[in-house]
Amino acid sequence: MSDLKGASCHDRVKSQGITERVSRARAAPLPASARGVTPAPRSPATRPSARHPGSPSVKRTTRSPRATTTLRRAAAVGAVLLAALAAATVPATAAEGPSREEIYRELGVADQPVDYVILVDTSGSMKAKGRYDAVRSTLRTFLGGLTRADHVALVTFDDRPEARYIGSAGDPAKIVARLPKAPDPDGGTDIGAALDQALRELERTDAASVASVVMLTDGRHQPPRGSGYPTSSGTPWKALRKRAEAIGARTELAGYALPLATGASGAERLGDVVHNTVVLRPGSIQDLGSYLQRAGDSTRARSAARLLAEDRGKGVTASWKQTGPRDLTTGSAAASVTFRSAARHLPLTVSDVRLSAAGAPLGISGLPTRLTLGPGESRTYAVRLAGGPDGSGLPYRHTEEASAVLRVSGQVSSPWQRALAPDVDLKVPEAVAVGGGPLTVRADIGSVLLLPGILLGLLAVLVLGWLRWRSVNRPVLSGALIVVPVFAGGVPGRIALSGRRVAFQPREGGRGTVHGRRRRTADGPGTDLLIRYVPDGATGRPDRVVCAPGAQAVVGGLSFTHHPDSGQAPAPGTARPRGEGPR
């Protein structure tokens, strides 16, 4: 159900000789066009009267003709500028949104059936001041504003109610012709019975979802003897009210009471029965037509509000269009965002739209700052992503993925809000909702040269380490070793030293190896010789001895003396090295 607000600005209405009273807090509102009050015209400025003899003298300022011409030209220019400004503001006002009539046509309000029960007082007092004739003429105009989809029950009442017409509102002349030519001069005013007849009409099973009870009377409740409503209150009236509440539970029910005479009136009794009632008080019988039109406009607003009730709380949802992961290796990528309106009847506008993402440092551009969606419409917009996933801290070449959760800021409204306010509260959610899942973004980050560079660096360290180790543990040999048996004489053997390792076989038999090891001494770097020797027939690991530069060492029964200088070639029969290449 729509929220309808009561008429306001009581003081201004009173200044026109019209007073309106809302009988209940939930009274149906009047449309904006009906509430407008034209201000009284301002009285023209009083010109100074001619000076009479004896009055104080007034000093007059005399302007030259040139000064007068200048002032006139300035006034003309100002008038032109004001006219241009007024013309410029007309399109802006027109562009603010459609009018109520355009909205009603868009919604198909004329196609929505409405029940009208019109109660016309035909008591004798209605003949005074042409009230009854005015009712007949204005009712025809009022009925002409209805459509064939509307249902009309025209009921007259005096001592008792009588249904004059029940059916479609398609032929105003035919309906008005059913009214009696003149009111009953002796008839009373049984308002309670008239309201009972109205409720019976609205209690039918095929009643419309929107209903209005319009009562036109000039007197108080004055029932005849035997009436079921002998007073203006009591149990019968409470029963009427309960029936009206039951009708209002399934129907948008409102009442419009139009007292046609000054002073006390029984029109307010309608408000005692129908909770949502507005009492309209025409200043004179000539105002009746405009006040009946108010009732019609208010009913149409209620029909529109009922149609738009299902759009309450429905706004705009934005989501990523999922077409697979977005590759941001180059720093940007294309994506799509879909905006969908959940409203069935209402057009929606999103202004100051901005997109961002959580979970990935992304900039999103390419979206218009203002979007307009028709009822239930979905639109997909292409956007540009800039940025990419954060690196893991490792600079090697690898692929990073992240989930970009869409964030949308903007103001949701409807171009219909201004025209329908305050009678119809649309309650459009102001924020854009976000639906769907996050968008997967990925990027190849880091340097392709990092891992090869690390491997080359490790290899260089290993090579340098190996070279360092070889320079210490396998230095280049020089000089010669003189080999002599320790316990038996013989011709000394000579082993020439070269390269980084020398294998030898002495004449006495066996086999051995010699390599150097660099060390620091007090006299500077020196190279010791590590001699390994295994005599013939020996088993196990070879014996080892260290021979300092120019010194002598014994191992395996042989004496080895180092001569740093190679000297002459060995004599025949001496041991010669096998000469392995350096390792």
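Calculation criteria
By convention here, each chain's residues receive numbers from 1 onward along its written sequence. Whole-chain, interface and lining totals are the exception, using all residues; otherwise, since this is a predicted model, local features are given only for residues with pLDDT of at least 70 and side-chain atom pairs are given and counted only at 80 or more. Excluded from the side-chain calculations are hydrogens and water; all other atoms, namely the structure's heavy atoms, are used. A helix here means a DSSP run of H or I that spans at least four residues, while a strand means a run of E at least two residues long, and both kinds are numbered starting from the N terminus. Summary of the burial criterion: residues with accessible area below 20% of their type's maximum are buried, those above 50% are exposed, and those between are partly exposed, where the area comes from a 1.4 Å probe applied to protein chains only. Two residues qualify as a contact provided that any one of their heavy atoms is within 4.5 Å of a heavy atom in the partner residue. Should DSSP find at least two bridges between two strands, the strands are regarded as paired. What we call a nonpolar core is a set of buried Ala, Val, Leu, Ile, Met, Phe, Trp, Tyr and Cys residues that are connected through their side-chain atoms within 4.5 Å. To be clear, the arc concerns the directions from the helix axis to the C-beta atoms. Lines fitted to C-alpha atoms define the axes here, with helix axes fitted over just the stretch in contact, and angles between the N-to-C directions of these axes take values from 0 to 180 degrees. By the definition used in this description, the sense in which the near helix is turned from the far one sets the handedness, with an anticlockwise turn below a right angle giving left-handed and a clockwise turn giving right-handed. Here the term charged refers only to Asp, Glu, Lys and Arg, the term nonpolar to Ala, Val, Leu, Ile, Met, Phe, Trp, Tyr, Cys and Pro, and the term polar to all other amino acids, Gly among them. Between rings of Phe, Tyr and Trp, where Trp is taken as its six-membered ring, a pair exists when centres lie within 6.5 Å; planes separated by under 30 degrees are stacked, by over 60 edge-to-face, and by other angles tilted. Only Lys NZ and Arg CZ are tested; either one counts as a charge over a ring when it is within 6 Å of the ring centre and within 35 degrees of the ring normal. Patches draw on residues past 30% relative accessible area with no salt bridge. Two like charges within 9 Å are joined, as are two nonpolar side chains (Val, Leu, Ile, Met, Phe, Trp, Tyr) within 5 Å. For accessible areas, the Shrake-Rupley method is used with a probe of radius 1.4 Å. Any residue's cover is judged against the shown protein chains and nothing else. A pairing counts as a salt bridge when a side-chain nitrogen of Lys or Arg comes within 4 Å of a carboxyl oxygen of Asp or Glu. In this scheme, a helix's expected span is set at 1.5 Å multiplied by one less than its residue total. Think of a polar contact as two N or O atoms within 3.5 Å of one another; within protein, one of them needs to be a possible hydrogen donor and the other a possible acceptor, and neighboring residues in sequence only count if both atoms come from side chains.

**Student:** Tell me about the overall build of the protein, residues and numbers included.
**Tutor:** The secondary structure content of the protein amounts to 12 helices and 25 strands. Each of the 583 residues in the protein was classed as buried or not, and the buried ones make up 41%. Expressed as a percentage of contacts within the protein between residues at least 6 apart in sequence, the contacts between residues at least 24 apart total 70%.

**Student:** An account of the sheet that holds strand β17 (residues 439-445) is needed here, citing residue identities and associated values.
**Tutor:** Taken in spatial order, the five strands make up an open sheet running β9-β17-β15-β11-β13, and their pairing is mixed. The open sheet has two edge strands with one neighbour each: β9 (326-327) and β13 (370-373). The pairing of strand β11 (residues 348-358) with β13 spans four bridges and is antiparallel. Within the sheet, the bridge partner assigned to Thr349 lies in β13 and is Thr372.

**Student:** With reference to specific residues and values, describe the side chain of Ser303.
**Tutor:** Along the chain, the position of Ser303 falls in helix α10 (residues 288-308). By relative accessible area, which is 3% here, Ser303 ends up buried. Setting aside chain neighbours within four positions, we find Ser303 in contact with Val109, Val114 and Val210.

**Student:** Before we move on, could you go through the nonpolar core and cite the residues and values that matter?
**Tutor:** Grouped together as the largest cluster of nonpolar side chains are 49 residues, with contacts concentrated most on Phe339, Leu355 and Leu385. When neighbours within four sequence positions are excluded, Leu385 is seen to be in contact with Trp320, Arg326, Leu328, Gly331, Ser332, Ala333, Ala335, Leu362, Gly363, Ile364, Leu439 and Val441. Grouped together as the second largest cluster of nonpolar side chains are 31 residues, Val152, Leu216, Leu260 and Leu292 included.

**Student:** Could you give an account of helix α4 (residues 100-107), naming the residues involved and the relevant values?
**Tutor:** Those residues of α4 not exposed but buried are Arg100, Ile103, Tyr104 and Leu107. The buried residues of α4 occupy an angular sector of 100° when the element is viewed end-on, so they sit on one face. The exposed set on the far side of α4, more than 90 degrees from its buried face, consists of Arg105 and Glu106. Positive phi appears at Gly108, one or two residues downstream of α4, with a value of about 75°.

**Student:** Hey, could you go over the packing of helix α5 (residues 131-144) against α10 for me, with residue numbers and the actual values?
**Tutor:** Running from amino to carboxyl end, α5 crosses α10 at an angle of 40°, the nearest separation of the two axes being 9 Å. Here α5 and α10 pass one another in a crossing that is right-handed. Contact residues: α5 offers Ala134, Val135, Thr138, Leu139 and Phe142, while α10 offers Leu288, Gly289, Leu292 and Gly296. Grouping the constituent residues of the contact of α5 with α10 by class yields six nonpolar, three polar and no charged.

**Student:** Quick one: what's the story with the packing of aromatic side chains, residue by residue and with numbers?
**Tutor:** The geometry of an aromatic ring pair is captured by two quantities: the separation of the ring centres and the angle between the planes. Inspection of the entire model under this criterion finds six aromatic pairs. Considering the side-chain rings of Phe504 and Phe560, the 5.6 Å spacing of their centres and the 65° angle between planes classify their relative orientation as edge-to-face. With Phe504 in strand β20 (residues 501-504) and Phe560 in strand β25 (residues 558-563), the pair connects residues that are 56 residues apart, well separated along the chain. Of the two residues, Phe504 and Phe560, both sit in the buried class. One aromatic cluster in this structure is built from Phe504, Tyr533 and Phe560. Note that Arg294 overlies the ring of Tyr291, its terminal NZ or CZ placed 4.5 Å from the centroid.

**Student:** Outline a nonpolar patch on the surface, listing residues and values.
**Tutor:** Side chains of Leu456, Leu459, Val463, Leu464, Trp466, Leu467 and Trp469 sit close together on the surface and give an oily, nonpolar patch of about 710 Å² of accessible area. On the secondary structure map, Leu464 appears in helix α12 (residues 450-473).

**Student:** So what about the environment of Ala153? Which residues, and what values?
**Tutor:** Among the structural elements, Ala153 can be located in strand β3 (residues 151-157). Residue class for Ala153 comes out buried when judged on its relative accessible area of 2%. The spatial distance from the C-alpha of Ala153 to the C-alpha of Ala163 is 7.1 Å, given a sequence separation of 10 residues. Discounting chain neighbours no more than four positions away, the residues touching Ala153 are Tyr116, Val117, Ile118, Tyr165, Ile166 and Glu201.

**Student:** So what about unusual backbone geometry? Which residues, and what values?
**Tutor:** The omega torsion across Ala421 and Pro422 is 0°, close enough to zero to call that bond cis. Tracing the backbone through its elements, the reader meets Pro422 in the loop between α11 (417-420) and β16 (433-434). With phi around 55°, Asp352 is a residue other than glycine that occupies positive phi space. Along the chain, Asp352 falls in strand β11.

**Student:** Please give an account of helix α8 (residues 235-250) that cites residues and values.
**Tutor:** With 16 residues, α8 extends 24 Å from end C-alpha to end C-alpha; this agrees with the ideal 22 Å at 1.5 Å per step. By the burial criterion, the buried members of α8 are Trp237, Leu240, Ala244 and Ile247. On an axial view of α8, the arc spanned by its buried residues comes to 75°, and they lie on one face. Among the exposed residues of α8, those pointing more than 90 degrees away from its buried face are Thr235, Lys238, Lys242 and Ala249. Buried residues along α8 sit in contact with α7 (191-202), β6 (252-259) and α9 (269-273).

**Student:** Lay out the pattern of salt bridges with the relevant residues and their values.
**Tutor:** By the definition in use, this model includes 19 salt bridges. In this structure, the salt-bridge partner of Arg100 is Asp423, at a minimum N-O distance of 2.4 Å. Taken together, the positions of Arg100 in helix α4 and Asp423 in the loop between α11 and β16 put the pair 323 residues apart, joining distant regions of the chain. Summarising the burial analysis for this pair, Arg100 and Asp423 share the class buried.

**Student:** A description of the sheet that holds strand β12 (residues 362-365) should follow, citing residues and the corresponding values.
**Tutor:** Adjacent strands of a sheet pair through backbone hydrogen bonds, lying either parallel or antiparallel. What the five strands build is an open sheet, ordered β12-β14-β10-β8-β16; its pairing is mixed. Edge positions in the open sheet fall to β12 and β16, since each of these has one partner strand only. Here two bridges tie strand β8 (residues 316-320) to β16, and the two strands are oriented parallel to one another. Directly across from Ala318, in β16, lies its bridge partner Val434.

**Student:** With reference to specific residues and values, describe the environment of Ser447.
**Tutor:** Among the structural elements, Ser447 can be located in the loop between β17 and α12. Separated by 49 residues in the primary sequence, Ser447 and His398 place their C-alpha atoms 8.6 Å from one another. If we skip the residues at most four places from it in the chain, Ser447 touches Pro395, Tyr396 and Arg397.

**Student:** Residues and numbers for the side chain of Arg204, please.
**Tutor:** Within the secondary structure, Arg204 sits in the loop between α7 and β5 (210-217). A distance of 3.0 Å separates a polar atom in the side chain of Arg204 from the backbone oxygen of Glu201. The residues touching Arg204, leaving out its near neighbours within four places in the chain, are Asp115 and His151.

Any functional reading would require information that these geometric values do not contain.
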